[in-house]
Amino acid sequence: MRRGKTFYFLSCILGLCLMSESKAQLTYLDHEKLVLVKESIRDNSKEYLPAYQNVLKQADRALMEGPFSVMQKKQVAASADKHDYLSLAPYWWPDPEKEDGLPWIRKDGIVNPMTKGENVDDPVKDRMFNNVRALSLAYFFSGKRRYAKKIKQLLKVWFLDKGTRMNPNLNYAQGIPGKNTGRGFGIIEFSGVVHIITAIEILEMHNNMPKQMDIALKAWLKDYLSWLQTSEFGVFEKSRSNNHGSLYDVQLVSLLLFLEKTDEAKIVLKSVFEQRIALQIEPDGSQPHELKRTKGLTYSILNLSALTKLAFYGKRLGVELWERTSKEGDLQKAYDFLYPYLDDTSIWPYEQLGDMKKARERLRRMFVNSGSMLGISNYCDIRSQLIQVTDIQQLLYPCIIP
């Protein structure tokens, strides 16, 4: 018996797993590939060691932080209920022509630091999402139960405890002072809910999720899913024809799959080609809704990554999105359009505020991740060009192709 398999067998005897590794499944990630990465780490593989050490470093730091809560912000939403999530639109600024600065005006791509302070929930929410992610991965790969204990504390305080829980809505996200108290565009801020789903699943598969807590968390997520599907803001965000609409679908399908609403997830996925891909990608592979932004490459990557995740879900459920092509736009054309810009010497002909080197690294990472998810070997070959070998995504999207 191989060393890795022996470890899993002994772990189960010690009560560290609920189901066999072969039967377990993660909603957002390819569980079978993660198991192979885990085996490689335990066999002292140098390929994954830097990223694994980074995960442990982040998780150990997360042990010392939090818990986090919507009650920590200094301001309160227009509802007067501090349990309601509150954030401000990041690219909006006080109008210098007005004495009171109202209403705020838009400066695309330039983040107003006033939208990221202690008055809102967005920064704290990000820390909670990121810490849960690091802790859950550290627990999955190391089996150390201290990480699981911290995950449960973070989830309990943010989602469940009556005195600290967040209400399951985003009615007051990305408001614009002088214009409104919230917008559907704020839904994108909760894209990290997929990390919560993964954390719950990892705790479940290792028999480390108390039953009542599991029930309560799923009840919260069901309420949030209902809000996404039926609220004015949710319906609005679903109608968007850019990265907001794509990321809305990723949230929606992730929640539907996690909550075992597979038929509903399939219905959404069957609409993706006509309502997302064909409308957002031109025959030459460009994404005009993203290219018109001040960070054209960043937003093209963001949107295409979301559409690729939907293709990954489609592959799992028998809804083909990657292989499907058209005379108009399709996913493969979108990748072909961006492929030349992997080369540092190529000139990006559209506007791109910020560090271009970071944007190119993000582009390379997208190709590698997509190669992992969809089994595309030539995309996986790009991993040799990656600079950030400690990136956690090295573990999550390994290029292991049958």
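Structure: above.
Here we summarise the structure given alongside this text. Think of each chain on its own: its residues are numbered from 1, step by step along the sequence as written. Local features are withheld for residues below a pLDDT of 70 in this predicted model, meaning they are given only at 70 or higher, and side-chain atom pairs are given and counted only at 80 or more; totals for whole chains, interfaces and linings count all residues. In computing side-chain properties, one takes all heavy atoms of the structure into account and sets aside hydrogens as well as water.

This part covers the overall build of the protein chain. Under the DSSP-based scheme used, a helix requires at least four consecutive residues in state H or I and a strand at least two consecutive residues in state E, with every element numbered from the N terminus. The secondary structure content of the protein chain amounts to 16 helices and two strands. Both definitions apply: the radius of gyration is a C-alpha atom measure, and the globule rule equals 2.2 Å times residues to the power 0.38. Relative to the compact-globule value of 21 Å for 402 residues, the protein chain shows a C-alpha radius of gyration of 21 Å, a close match. Note on classification: 1.4 Å probe, protein chains only; a residue is buried when its accessible area is under 20% of the maximum for its type, exposed when over 50%, partly exposed between these limits. Counting across all 402 residues of the protein chain, residues that qualify as buried make up 56%. When contacts within the protein chain are restricted to residue pairs at least 6 apart in sequence, those whose partners lie at least 24 apart make up 71%. Placing the 56 positive and 47 negative side-chain charges of the protein chain at their respective mean positions leaves the two points 6 Å apart. Contacts are residue-level and defined by heavy atoms, with any inter-residue pair within 4.5 Å sufficient. Positive residues here are Lys and Arg, negative ones are Asp and Glu, while His and the chain termini are left out of the count. By convention, charge coordinates are those of NZ in Lys, CZ in Arg, CG in Asp, or CD in Glu.

Structurally, the position occupied by His195 is in helix 6 (residues 193-205). Ignoring any residue separated from it by four or fewer positions in sequence, one finds His195 in contact with Phe129, Val132 and Arg133.

With that settled, the discussion passes to the packing of helix 12 (residues 296-317) against helix 13 (residues 331-338). Packed helix pairs are specified by the crossing angle of their axes together with the interaxial distance, meaning the distance between the axes. Lines are fitted to the C-alpha atoms to define the axes, a helix being fitted only along its stretch in contact, and any angle between axes, read from their N-to-C directions, falls within 0 to 180 degrees. Running from N to C, helix 12 and helix 13 point in directions that differ by 150°, and their axes come no closer than 11 Å. Taken together, the axis directions place helix 12 and helix 13 in an arrangement best described as roughly antiparallel. The way helix 12 lies across helix 13 gives a crossing that is left-handed. Across the interface between the two elements, Leu297, Ser300, Leu304, Leu307, Thr308 and Ala311 of helix 12 pack against Leu331, Ala334, Tyr335 and Leu338 of helix 13. Here roughly perpendicular refers to angles of 65 to 115 degrees, roughly parallel to angles under 35, roughly antiparallel to angles over 145, and oblique to all remaining angles. With the far helix as reference, a near helix turned anticlockwise by less than a right angle produces a left-handed crossing, and one turned clockwise produces a right-handed crossing.

In this section: the packing of helix 2 (residues 31-42) against helix 4 (residues 122-142). It is at 9 Å that the axes of helix 2 and helix 4 come closest, and there the two elements cross at 60°. On helix 4, the residues that touch His31, Leu34, Val35, Val37, Lys38, Ile41 and Arg42 of helix 2 are Phe140, Phe141 and Ser142. Side-chain classes are defined by residue name, with Ala, Val, Leu, Ile, Met, Phe, Trp, Tyr, Cys and Pro counting as nonpolar, Asp, Glu, Lys and Arg as charged, and the others, Gly among them, as polar. Of the residues contributing to the contact of helix 2 with helix 4, the split by class is six nonpolar, two polar and two charged.

Next up on the list: the environment of Asn112. Secondary-structure assignment places Asn112 in the loop between strand 2 (105-106) and helix 4. Expressed as a C-alpha distance, the spacing of Asn112 and Pro349, which sit 237 residues apart in the sequence, is 26 Å. Apart from residues no more than four positions distant in its own chain, Asn112 is found in contact with Pro90, Trp92, Trp93, Pro94 and Trp104.

Attention now goes to the packing of aromatic side chains. Within 6.5 Å between ring centres, the rings of Phe, Tyr and Trp (the latter by its six-membered ring) count as paired, and their orientation is classed by plane angle as stacked under 30 degrees, edge-to-face over 60, tilted in between. Going through the model one piece at a time under the given rule, you end up with 20 aromatic pairs. Between Trp322 and Tyr379, the aromatic rings sit 6.1 Å apart at their centres with planes inclined by 80°, giving edge-to-face as the arrangement. Placement of Trp322 in the loop between helix 12 and helix 13 and of Tyr379 in helix 15 (residues 377-380) is noted, with a sequence separation of 57 residues between them. By the burial criterion, Trp322 is buried, and Tyr379 matches it. Seen from their ring centres, Tyr339 and Phe367 are 5.8 Å apart, and the 70° between their planes marks the pair as edge-to-face.

What follows is about the state of the cysteines. The rule for a disulfide is simple: a pair of cysteine sulfur atoms within 2.5 Å. Applying the stated criterion to the full structure yields one disulfide. Between the sulfur atoms of Cys380 and its disulfide mate Cys399 the distance is 2.2 Å. The disulfide joining Cys380 to Cys399 has a torsion of about -90° about its S-S bond and is therefore left-handed. You can see Cys380 sitting in helix 15 and its partner Cys399 sitting in the segment after helix 16 (393-396), a full 19 residues away along the chain. The same class applies to Cys380 and to Cys399, which are both buried.

The next point concerns the pattern of salt bridges. When their charged atoms lie close together, side chains carrying opposite charge are able to pair. The salt bridge criterion pairs a side-chain nitrogen of Lys or Arg with a carboxyl oxygen of Asp or Glu, the two atoms within 4 Å. For the coordinates displayed, the defined rule picks out 18 salt bridges. The partner of Lys218 in a salt bridge is Asp214, with the nearest N and O atoms 3.2 Å apart. Taken together, the residues Lys218 and Asp214, both in helix 7 (residues 211-230) and four residues apart, mark about one turn of the helix. Taken together, the shared-partner salt bridges in this structure form one network comprising Lys116, Asp122, Lys125 and Asp126.

With that out of the way, let us pick up the side chain of His244. With respect to the helices and strands, His244 occurs in helix 9 (residues 243-258). Note on His244: relative accessible area 11%, which makes it buried. Ignoring any residue separated from it by four or fewer positions in sequence, one finds His244 in contact with Phe185, Ile188 and Glu237.

Let us look at the nonpolar core. Residues belong to one nonpolar core when they are buried, are Ala, Val, Leu, Ile, Met, Phe, Trp, Tyr or Cys, and are joined through side-chain atoms within 4.5 Å. With 116 residues, the main nonpolar core has Phe159 and Phe190 as its most contacted residues. In this structure Phe159 touches Met128, Arg165, Phe190, Ile196, Leu217 and Trp220, once residues within four positions along its chain are discounted. Leu88, Ala89, Trp104 and Tyr172 belong to the second largest nonpolar core, which has nine residues in total.

Expected span of a helix: the number of residues minus one, times 1.5 Å. End to end, helix 2 covers 17 Å across twelve residues, agreeing with the expected 16 Å (1.5 Å per residue, within 8%). Taking burial as the measure, the twelve residues of helix 2 include nine buried ones, the bulk of the element. Within helix 2 the residues assigned to the buried category are His31, Lys33, Leu34, Val35, Val37, Lys38, Glu39, Ile41 and Arg42. The residue sitting at the N-terminus of helix 2 and contributing the capping side-chain oxygen is Asp30; that oxygen lies 3.2 Å from the backbone nitrogen of Glu32. Phi for Asn44, located one or two positions after helix 2, is positive at around 60°. N or O atoms closer than or at 3.5 Å make up a polar contact, with two conditions inside protein: a donor-capable atom paired with an acceptor-capable one, and, for residues adjacent in sequence, both atoms drawn from side chains.

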